[in-house]
Amino acid sequence: MFAAERRQLILEMVRANGAVSLRELARVVQTSEVTVRRDVRALEAEGLLDRRHGGAVLPGGFTRESGFPQKSHLATAEKTAIADLAAGLVEEGEAIVVGAGTTTQELARRLARVPGLTVVTNSLLVAQALAHANRVEVVMTGGTLRGSNYALVGSGAEQSLQGLRVSRAFLSGSGLTAERGLSTSNMLSASVDRALVQAAGEVVVLADHTKLGSDTMFQTVPTDLITRLVTDEPAAHDDRAAAELQALADQGVQIAVAGAGGAPASADAGPPGRSTRRDMPLPGQRRTHAQQLRGAALLAEQGQGDRARVADLRRR
């Protein structure tokens with residue numbers, strides 16, 4: 001394939017999906033990541049797309065949200081490894097909340113084997129994955145269905161979460177940075193995710209390497225409320241992704257890195273093809289209880305601010 005043909009195909013993939021990893025681009029155009037990175041750099045110089053940590057996105061700074069059919073085919077091996085590792089955090093008899101997303105859907109498939117589990121979710125896909133699990137109780141929120149990601153959103157979903165308390169929340173999103181934390185492209189989804197966070201004792205974010213360093217419109221979980229990040233191993237030459245992970249660790253987030261497909265995350269990893277775990281060191285102290293309370297208050301303020309901005313845009 002000539003360079004012009006490769007770049008046209010890359011551009012079409014980014015336009016169709018909103019964000020695509022370098023690994024996925026290299027697989028589709030059947031070339032190396034080094035060549036794809038050179039193509040992406042050339043397309044960025046022409047203003048046709050933007051580079052992100054380990055991938056490419058639509059130009060303009062904030063990525064648009066892709067639909068479920070597109071997301072389900074992105075970084076599938078990485079999501080599988082992340083889900084395998086995250087499932088190991090869940091104990092028998094625990095009560096948890098699981099948000100919407102393709103990675104959380106993969107997690108739900110593995111949670112079906114955990115006896116005595118109670119899962120609260122706003123995701124039809126998560127509920128479907130657990131529908132026939134023995135000894136797993138599924139509690140669904142109310143709300144209005146968003147067809148693009150099969151999630152229940154709106155005031156009905158948020159109100160059904162009031163007064164709920166579980167041990168932890170498992171959430172995904174469209175972007176993750178050390179500066180803003182987890183974010184998403186849809187205001188209604190962000191608002192429900194905040195309600196899920198407020199119901200949980202700790203927050204576990206599931207995000208593959210393509211989301212590291214990406215920043216989208218609506219903040220869902222500020223960094224100081226994220227207890228743990230479960231992600232996959234960035235490429236060895238991706239210094240920016242490594243820097244983002246270190247910045248998150250510096251702010252007290254526990255980092256668990258999963259390896260997949262025979263690419264172990266550390267030298268003492270297990271057999272090829274199995275997910276492995278590497279917890280990064282935490283340079284600083286964990287946040288205090290008072291800081292957690294301040295962070296929860298910021299979530300509520302953020303939700304009010306989002307609605308005010310959208311109302312102002314409509315008046316214009």
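Residues numbered from 1 in each chain as written. Predicted model: local features only at pLDDT ≥ 70, side-chain atom pairs only at ≥ 80, totals over all residues. Heavy atoms only, no water.

**Observations regarding the sheet that holds strand 15 (residues 254-258)**
Spatially, the seven strands line up as an open sheet ordered 6-5-4-9-12-14-15, and their pairing is parallel. The open sheet terminates on both sides in strands that have one partner only, identified here as strand 6 (136-140) and strand 15. Across the sheet, the mean angle from the axis of one strand to that of its neighbour is 20°, orientation sign disregarded. Taken together, the five bridges between strand 9 (residues 166-171) and strand 12 (residues 200-206) define a ladder with parallel strand orientation. For Phe170, the partnering residue across the bridge sits in strand 12 and is Val204. Across the sheet, helix 5 (residues 76-87) lies against strand 9, strand 12, strand 14 (228-232) and strand 15, angled at about 145° from strand 14, the strand it touches most. (Pairing = 2+ DSSP bridges. Helix = DSSP H or I, 4+ residues; strand = E, 2+ residues; numbered from the N terminus. Axes fitted to C-alpha atoms, helices over the stretch in contact; angles between N-to-C directions. Contact = heavy atoms within 4.5 Å.)

**Comments concerning the sheet that holds strand 11 (residues 181-184)**
On the basis of which strands lie adjacent, the open sheet formed by three strands has the order 10-11-13 and antiparallel pairing. Where the open sheet ends on each side, the last strands, each with one partner, are strand 10 (175-177) and strand 13 (218-221). The average undirected angle you get between the axes of adjacent strands in this sheet is 35°. As paired strands, strand 10 and strand 11 are joined by three bridges and run antiparallel to one another. Within strand 11, the position partnered with Thr177 by the bridge is Gly181.

**Some details on the nonpolar core**
Counting residues in each nonpolar core, the largest one holds 31 residues, and the members touching the most others are Leu171, Leu176, Val205, Val221, Leu229, Leu248 and Ile255. Leaving out residues up to four positions away in the same chain, Leu176 has contacts with Gly181, Leu182, Val205, Ala207, Lys211, Leu212, Gly213, Ser214, Ile226, Leu229, Glu244 and Leu248. Grouped together as the second largest cluster of nonpolar side chains are 26 residues, Ile82, Ala83, Ala87 and Phe170 included. (Core = buried A, V, L, I, M, F, W, Y, C linked by side-chain atoms within 4.5 Å. Buried < 20%, exposed > 50% of the residue type's maximum accessible area, 1.4 Å probe, protein only.)

**Remarks on the pairing of strand 15**
For a regular strand, side-chain orientation follows a simple rule: the groups alternate between the two sheet faces. Strand 15 sits mainly inside the fold: four of its five residues count as buried. Pairing geometry for strand 14 and strand 15, over five bridges, is parallel. Looking at the pairing, Val230 lines up with Ala256 of strand 15.

**As for the pattern of salt bridges**
Here the structure, examined in full by the defined rule, presents twelve salt bridges. As a salt-bridge pair, Glu78 and Arg23 come within 2.8 Å of each other at their nearest N and O atoms. Here Glu78, found in helix 5, pairs with Arg23, found in helix 2 (residues 22-29); they are 55 residues apart in sequence, far enough to count as distant. Since its relative accessible area comes to 11%, Glu78 is described here as buried. Residue Arg23 is classed as partly exposed on the basis of its relative accessible area of 25%. Linking Arg110 and Glu106 is a salt bridge whose minimum nitrogen-to-oxygen distance equals 3.1 Å. With Arg110 and Glu106 both in helix 6 (residues 102-111) and four residues apart, the pair spans about one turn of that helix. (Salt bridge = Lys/Arg side-chain N within 4 Å of Asp/Glu carboxyl O.)

**What about helix 6?**
Within helix 6, nine of the ten residues are buried, which leaves the element mostly enclosed by the surrounding structure. Turning to helix 6, its buried residues number three or more, namely Thr102, Thr103, Thr104, Gln105, Glu106, Leu107, Ala108, Arg110 and Leu111.

**Things to note about the side chain of Arg194**
When you line up the elements, Arg194 lands in helix 9 (residues 187-198). Classification of Arg194 by relative accessible area gives buried; the value is 4%. One polar contact links the side chain of Arg194 to the main-chain carbonyl oxygen of Gln219, over a distance of 2.7 Å. (Polar contact = N/O pair within 3.5 Å; in protein donor to acceptor, adjacent residues only side chain to side chain.)

**Overview of the environment of Ser21**
You can see Ser21 is positioned in strand 1 (residues 19-21). Assessed through its relative accessible area of 4%, Ser21 is described here as buried. C-alpha separation for the pair Ser21 and His209, spaced 188 residues apart in sequence, amounts to 8.2 Å. Aside from chain neighbours lying at most four places away, what touches Ser21 is Gly54, Gly55, His209 and Thr210.

**Some words on the confidence of the model for the protein**
A residue-level look at the protein finds 74% of positions with pLDDT of 70 or above and a mean pLDDT of 79. Here residues 280-293 scores under 50 on pLDDT; set against residues more than four positions off or in separate chains, the count is 25 contacts. (pLDDT = per-residue confidence, 0-100.)

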